[in-house]
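Geometric and topological summary
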Amino acid sequence: MAMLWLSAASVWAGSDAGTAFSEGEKLLAGGDLRAALKQYVAAVKLDRTNQEYLQQYMLVRRAVALQDTLAREPNSPQWEQTAVALRSFYSAAGLHAQALPLDRKLFERSKTPDNAIQLAETHLSLDQSDEAVAVLSSLNAAQGTSASQALRAVALARQGQVDAARQIASQVRVSGPSDPGTLYMVARMYAAVGDVEPAMATLTRCFEAVPPSRLDLLKSHARQCPDFSSVASRASFTAALRTESKVSESKCSGGSSCSSCPMRGNCARSASK
Amino acid sequence: MRRNRRVVQGCFLALVLVGVFGLHANCERWCPFGGVESLYTYWTEGNMLCSLGVSNFFILGGVLAATLLVRRAFCGYMCPLGTISEWLFRVGQRWQVPQVRVPVLWDRALSMLKYGVLVVVLVLTWRAGELIFRGFDPCYALISRHGEDITWWAYVVSALLIVASLVLLLPFCRWLCPLAAVLNLFSRFGLSGVQRDAEHCSECGKCARRCPMRIPVDRVQQVTAARCIACLECVAACPVPVARQSPPAADPVDGCLASAPRLAVAGVAPALHWGPVVARRQRWPQWLVIAILLCCTMGAVTTSYLVPVPSFVKRRGEAPPHTETVTLQIGDLTCRGRANLFGYFLDRDDLFAIPGYLHVAAWPGPGWADVQITFDPTQTDREALKHAITEPYFETEDNYWRPSPFQIQGYDPLEIPDLD
């Protein structure tokens, strides 16, 4: 009987923690980090065993701390590192409006392709394709990368300038091993200009190059990405979404044995990272 | 004698099989060759090869001590691969599979291969920092839960070993085993061995024919061959010289076991016996050989639990005159890979960076793993260490937030209201 009560209490606490966590997620999606943090605290207190709750709480608490640091020390030497970390958090949480001012400041400080891509991506997320084209066009030819060119083509296609986008697409070449970020941009570019076959081939390559722990997130992004909307109903897109990662990533077996660890044989290399 | 040895072999094989398949234990941590493979990495980098632990050093030490005392008795009584190979040969005999007897010269030449295997394995392992040999290791292929890292090569090698073992006696142990190559270096200086009493030897040659390691026992006063596995097959095969001549005069036998001189005086002692090198007439019964082997190996296992040698050590910077050490219990610090990740978090370069000297000694394992962190108290403190271990870390290279998987026993992140 006592066990029954105990398990019932545990289920109740778990569901209550789940409610608090969901509430926190909603508040986070609305951009209210401090209110979300309170809900995460409640969720963690109700369910101490849940690692997801704890890690989300730690992450949001850290984002709040970064916000405070930026507000308190706007010209600190660590400003850029702090701003990049915070904008990355905003972007992952879908808080593009909050990310935009940081992206602008970062791009003003340093007009690198990476900063341009981040700013343009934020503009695109906010349906501001004109601004995205302007940002990417401001990069000179020497600064342009495959990723920045691809994103510019995407922005142009969204503006309706499909021919201009196609012209860029015909010049972009991705051969050999590339980072998944670039491959994803290129896949979006091909999809945006209607080149379905290379789009799906590149998307498949991209998924194969993404570590397993981040693959679901990227696939989710692809499902919702407007650039893939024209191909969403195609079988090739569904097939691409079924692609498995080819990257070895540790998923610790729990310590009893390392025989199933996919990182076995690569531990030394990962240690030097 | 043979039955005793088979019982010991069977017990150890059963122990390993139950450990691997029943308890899902990481039995590789008790492989003495793992200790040999890890020596260089531990010496230079302070951590063990993946899936190994300092227990490998202890068991290696125990086996080497046993080898110095009773030669390669480990091979003859404990090694699971040796047991499987030998038993397969017996099966082959029972099935009347034609057996191959390799000429002595060929046998000697082939036995040199194991030194080459040892060098190749160690060089490749030490260069890669990983157990390169595992992909070809028949022992791992035959006695493991067949994880992702077993290559088809391992099965090919295992199949070859099985087939070869049916027609040849101990082919892997005699010719290819790299651990045998290591043990040979110590076995050569073994403090005990097979002694032959030439006066009572009928020179029938049965001992040499029965020796699985092809040692010409009938032609030596004392077996000094490093490859002797103390199986005592030769001693068991030695006929009692009953009708040869009158019993020899009672020799002065110092320290002899109680029953041995009596038998010798009665003239029924076989010409072969196992005994210490320095007191050749002293006879050691088989149980003493087994007891020495068990004492050495079990002693090593016990010592590994009593002496806390860390299996992961990481050091940064020069130690200042005054340091402080904190011992923490860390959750999810299960293996070398996790320990590397732990070191990665401590070596971070963000808001929670730990400045100055840092020395980490860890004992990765299931549950709460012990970690000792020594630091410069003038530059950091215990709370900063806890933050570095548990706070999420932003990887600038990948633009990615990596949450910390580690928890510290007795440390509640909820009690830290403001980190800045």
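Here the structure is a predicted model, which means the values were calculated and not measured.

Of regular secondary structure, chain A possesses 14 helices and 0 strands. In sequence order, chain A lays out its α and β elements as α-α-α-α-α-α-α-α-α-α-α-α-α-α. A buried classification covers 45% of the 273 residues belonging to chain A. Per element, the accessible surface of chain A, about 13500 Å² overall, is 53% carbon and sulfur.

Right, let's talk about empty space enclosed by the protein for a bit. On inspection of all chains with the given rule, the structure shows 4 cavities of 30 Å³ or more. When the residues that make up the lining of the largest cavity are grouped by side-chain class, the tally is 7 nonpolar, 2 polar and 2 charged.

A separate point is the sheet that holds strand β3 (residues 312-316) of chain B. Residues and elements named next belong to chain B. With antiparallel pairing, 5 strands are arranged side by side in an open sheet as β3-β5-β6-β4-β9. The sheet is open, and its two edges are formed by β3 and β9 (407-408), each paired on a single side. Two strands pair when backbone bridges link them, and β3 and strand β5 (residues 358-362) are joined in this way by 5 bridges, in the antiparallel orientation. Across the sheet, residue Lys314 finds its bridge partner in β5, namely Val360. Sheet strands touched by helix α16 (residues 336-346): β3, β4 (324-331), β5 and β6 (368-375). Its angle to β3, the strand with the most contacts, is close to 20 degrees.

Residue and element names in this part refer to chain B. Counted at 1.5 Å a residue, the expected span for helix α3 (residues 55-70) with its 16 residues is 22 Å, and the 22 Å between its end C-alpha atoms agrees. α3 sits mainly inside the fold: 12 of its 16 residues count as buried. Residues of α3 that are buried: Ser55, Asn56, Phe57, Phe58, Ile59, Leu60, Gly62, Val63, Leu64, Ala66, Thr67 and Val70. Elements that come into contact with the buried residues of α3 comprise α2 (32-45), α4 (73-77), α11 (178-187), β1 (192-196), β2 (272-276) and α15 (286-306). Directly beyond the C-terminal end of α3, a positive phi value near 55 degrees is found at Arg71.

This paragraph deals with the nonpolar core. In this structure, B:Phe33, B:Phe74, B:Tyr77, B:Ile215, B:Val217, B:Leu272 and B:Trp274 are the most contacted members of the largest nonpolar core, which totals 59 residues. Not counting residues up to four positions away in its chain, the partners in contact with B:Phe33 are B:Leu118, B:Val121, B:Leu122, B:Phe133, B:Pro178, B:Leu179 and B:Val182. A:Leu156, A:Met189, A:Val210 and A:Ala240 belong to the second largest nonpolar core, which has 49 residues in total.

Residue and element names in this part refer to chain B. Where nonpolar side chains cluster on the molecular surface, the patch consists of Phe136, Trp152, Trp153 and Tyr155 and spans about 470 Å² of accessible area. With respect to the helices, strands and loops of the structure, Tyr155 is situated in helix α9 (residues 152-167). Classification of Tyr155 by relative accessible area gives partly exposed; the value is 39%.

Further remarks concern unusual backbone geometry. Excluding glycine, residues mostly have negative phi values, and the peptide bonds linking residues are mostly trans. Residue and element names in this part refer to chain B. We note that Leu232 has phi near 65 degrees; this positive angle belongs to a residue other than glycine. Here Leu232 shows up in the loop between α12 (206-210) and α13 (233-237). The phi angle at Asp332 is positive, at roughly 70 degrees, despite the residue not being glycine. Position of Asp332 among the secondary structure elements: in the loop between β4 and α16.

Time to look at the domain arrangement of chain B. Residues and elements named next belong to chain B. As far as domains go, chain B holds domain 1 (1-309) and domain 2 (312-408). Computed from C-alpha atoms alone, the centre-to-centre distance between domain 1 and domain 2 is 43 Å. With 12 residues of domain 1 at the interface, the matching set in domain 2 holds 7 residues. Carbon and sulfur atoms make up 40% of the area that domain 1 and domain 2 hide from each other, which totals about 680 Å². Sorting the residues of domain 1 by area buried against domain 2 places Arg29, Gly46 and Asn47 first, and these three jointly supply 44% of that buried surface. Linking domain 1 to domain 2 there are 0 salt bridges. Connecting domain 1 to domain 2 are 2 residue pairs in polar contact (both at pLDDT 80 or more). Residue classes in the side of domain 1 that touches domain 2 are distributed as 6 nonpolar, 3 polar and 3 charged.

This paragraph deals with the environment of B:Trp368. Residue and element names in this part refer to chain B. Position of Trp368 among the secondary structure elements: in strand β6. With 227 residues separating them in the primary sequence, Trp368 and Ala141 have C-alpha atoms 31 Å apart. Here Trp368 is in contact with Gln329, Ile330, Gly331, Gln407, Ile408 and Gln409, once residues within four sequence places are set aside.

A word on the packing of aromatic side chains. The relative placement of two aromatic rings is captured by the distance of their centres and the angle of their planes. Evaluated as defined, the whole model comprises 15 aromatic pairs over all chains. Plain terms: the ring middles of A:Phe21 and A:Tyr40 are 5.3 Å apart, the flat faces sit at 50 degrees to each other, and that makes the pair tilted. Of this pair, A:Phe21 sits in helix α1 (residues 2-29) while A:Tyr40 is found in helix α2 (residues 33-46), placing the two residues 19 residues apart along the sequence. In this structure, A:Phe21 and A:Tyr40 share a single accessibility class: buried. Centroid distance B:Phe345 to B:Phe406: 6.2 Å. Interplanar angle 90 degrees. Geometry classified as edge-to-face. Placement of the pair is B:Phe345 in helix α16 and B:Phe406 in the loop between β8 (400-402) and β9, with a sequence separation of 61 residues. B:Phe406 matches B:Phe345 in its accessibility class, with the two residues each being buried. One aromatic cluster in this structure is built from B:Phe342, B:Tyr344, B:Phe345, B:Tyr393 and B:Phe406. Note that A:Arg214 overlies the ring of B:Tyr400, its terminal NZ or CZ placed 3.5 Å from the centroid.

Conventions used here
- Residues numbered from 1 in each chain as written.
- Chains lettered and ligands numbered in written order.
- Predicted model: local features only at pLDDT ≥ 70, side-chain atom pairs only at ≥ 80, totals over all residues.
- Heavy atoms only, no water.
- Helix = DSSP H or I, 4+ residues; strand = E, 2+ residues; numbered from the N terminus.
- Buried < 20%, exposed > 50% of the residue type's maximum accessible area, 1.4 Å probe, protein only.
- Areas by Shrake-Rupley, 256 points an atom, 1.4 Å probe, with all protein chains shown as cover.
- 1 Å grid on protein atoms, 1.4 Å probe; cavity = no way out; pocket = protein on both sides within 12 Å on 5 of 7 lines; lining within 4 Å.
- Points joined across faces, edges and corners; volume = space filled by probe spheres on them.
- Nonpolar A, V, L, I, M, F, W, Y, C, P; charged D, E, K, R; others polar.
- Pairing = 2+ DSSP bridges.
- Contact = heavy atoms within 4.5 Å.
- Axes fitted to C-alpha atoms, helices over the stretch in contact; angles between N-to-C directions.
- Expected span 1.5 Å × (residues − 1).
- Core = buried A, V, L, I, M, F, W, Y, C linked by side-chain atoms within 4.5 Å.
- Patch = residues over 30% accessible without salt bridge, like charges linked within 9 Å, V, L, I, M, F, W, Y side chains within 5 Å.
- Salt bridge = Lys/Arg side-chain N within 4 Å of Asp/Glu carboxyl O.
- Domains from an automatic or database assignment.
- Buried area = accessible area lost by both parts, 1.4 Å probe.
- Polar contact = N/O pair within 3.5 Å; in protein donor to acceptor, adjacent residues only side chain to side chain.
- Phe/Tyr/Trp six-rings, centres within 6.5 Å; stacked < 30°, edge-to-face > 60°.
- Lys NZ or Arg CZ within 6 Å of the ring centre and 35° of its normal.

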